[in-house]
Amino acid sequence: MNLNKEIFLVQGGFGNRLIIYSHIKNIQNNSNNNVSIIFHKRCTVSSTEPKDIINLCCPVNRKIDFFAYFVSVMFKRIGLNKFYSKYFEFIFGKIHIGYFQDKKFFSQELSKFNSYSEKNYCNPYSPEAIFIHIRRGDYYTERFIKQYGGICTVDYYKNALNQLKEKKLFNEQSIVIISDDQSWVSENIDFKNMIIHKSNSYLEDWHLMKNAKNLIISNSTFSLTAAWAGNVNNVFYPSKWDN
């Protein structure tokens, strides 16, 4: 009997995974439920990431949990959505499949995120620099462009800088751009005092945004979670997340 067992499917990019880990951490801190993790087949990160990132300790990729997930998905595919919860959940545990993209799922413990390696990600730029996150990559593939593309345009970033300038939060200091498509940025963006950050790792990029004073994010949980976890003074974000 596993009435207090919960199984979470971890999927998506780093921002999505971080929210899921955080949600699990909240459950562990506030209940006696046993929680385990399985990684989606397209999620190729190390199985130690939860432990390495936020010291999240729970079983990972157990065969019985994959079996439970497979059973629940098969029932949903044939239209028996409640069959697993009615007849199998008490045996294997409750299956959670989702992205949980809401701040209520995000633990404030993540302000101490990855403290063991925080010292490895110091900011080499001016403390007054404005950081801009530009996400393209998969957002501009055939699969996602209709849903996520065309929201954070060049005009969006220009407008954000103008608003910061009007509020006297921006005074032509350096602008640091973090992007997964640096070639596109160099060809399409030309802001005064602009620096395109040469990324060494996604964790370095995330920490730079987390520790920024001023941050202009894209419609991406990667920069959104950095804003949530950090002590960013001023955050500028798009008016909508998807189309």
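Located above this text is the structure these notes cover.
Residues numbered from 1 in each chain as written. Predicted model: local features only at pLDDT ≥ 70, side-chain atom pairs only at ≥ 80, totals over all residues. Heavy atoms only, no water.

What to know about the packing of aromatic side chains
Phase 1: Under the counting rule described, the total for this entry stands at 18 aromatic pairs.
Phase 2: Seen in terms of ring centroids, Phe83 and Phe88 are 6.3 Å apart; in terms of plane orientation they differ by 45°. Their pairing is tilted.
Phase 3: Judged by relative accessible area, which is 31%, Phe83 ranks as partly exposed.
Phase 4: Phe88 sits in the partly exposed class, given a relative accessible area of 22%.
Phase 5: With a centroid separation of 5.8 Å and 50° between ring planes, the pair formed by Tyr156 and Phe236 is classed as tilted. You can see Tyr156 sitting in helix H7 (residues 154-166) and its partner Phe236 sitting in strand S8 (residues 234-236), a full 80 residues away along the chain.
Phase 6: Residue Phe236 is classed as buried on the basis of its relative accessible area, which comes to 15%.
Phase 7: Between Arg136 and the ring centre of Tyr140, over which it is positioned, the NZ or CZ distance is 4.0 Å. (Phe/Tyr/Trp six-rings, centres within 6.5 Å; stacked < 30°, edge-to-face > 60°. Buried < 20%, exposed > 50% of the residue type's maximum accessible area, 1.4 Å probe, protein only. Helix = DSSP H or I, 4+ residues; strand = E, 2+ residues; numbered from the N terminus. Lys NZ or Arg CZ within 6 Å of the ring centre and 35° of its normal.)

Remarks on the pairing of strand S4 (residues 130-134)
Phase 1: When you tally the buried positions in S4, you get 5 out of 5 residues, the bulk of the element.
Phase 2: Burial along S4 is two-sided: Ile130, Ile132 and Ile134 facing one way and Phe131 and His133 facing the other are all buried.
Phase 3: Looking at chain direction, S4 and strand S5 (residues 175-179) are connected through 5 bridges and run parallel. Residue pairing for S5: Ile132 is matched across the bridge by Ile177.
Phase 4: Pairing analysis gives 3 bridges linking S4 to strand S7 (residues 214-216), with the strands arranged parallel. Bridge assignment links Phe131 to a residue of S7, and that residue is Leu215. (Pairing = 2+ DSSP bridges.)

Points about the pattern of salt bridges
Phase 1: This model, assessed by the stated rule, comprises 6 salt bridges.
Phase 2: In this structure, the salt-bridge partner of Glu49 is Arg17, at a minimum N-O distance of 2.8 Å. Of this pair, Glu49 sits in helix H2 (residues 49-54) while Arg17 sits in helix H1 (residues 14-30), placing them 32 residues apart in sequence.
Phase 3: Across the pair Arg136 and Asp181 runs a salt bridge, and its minimum N-O distance is 3.6 Å. (Salt bridge = Lys/Arg side-chain N within 4 Å of Asp/Glu carboxyl O.)

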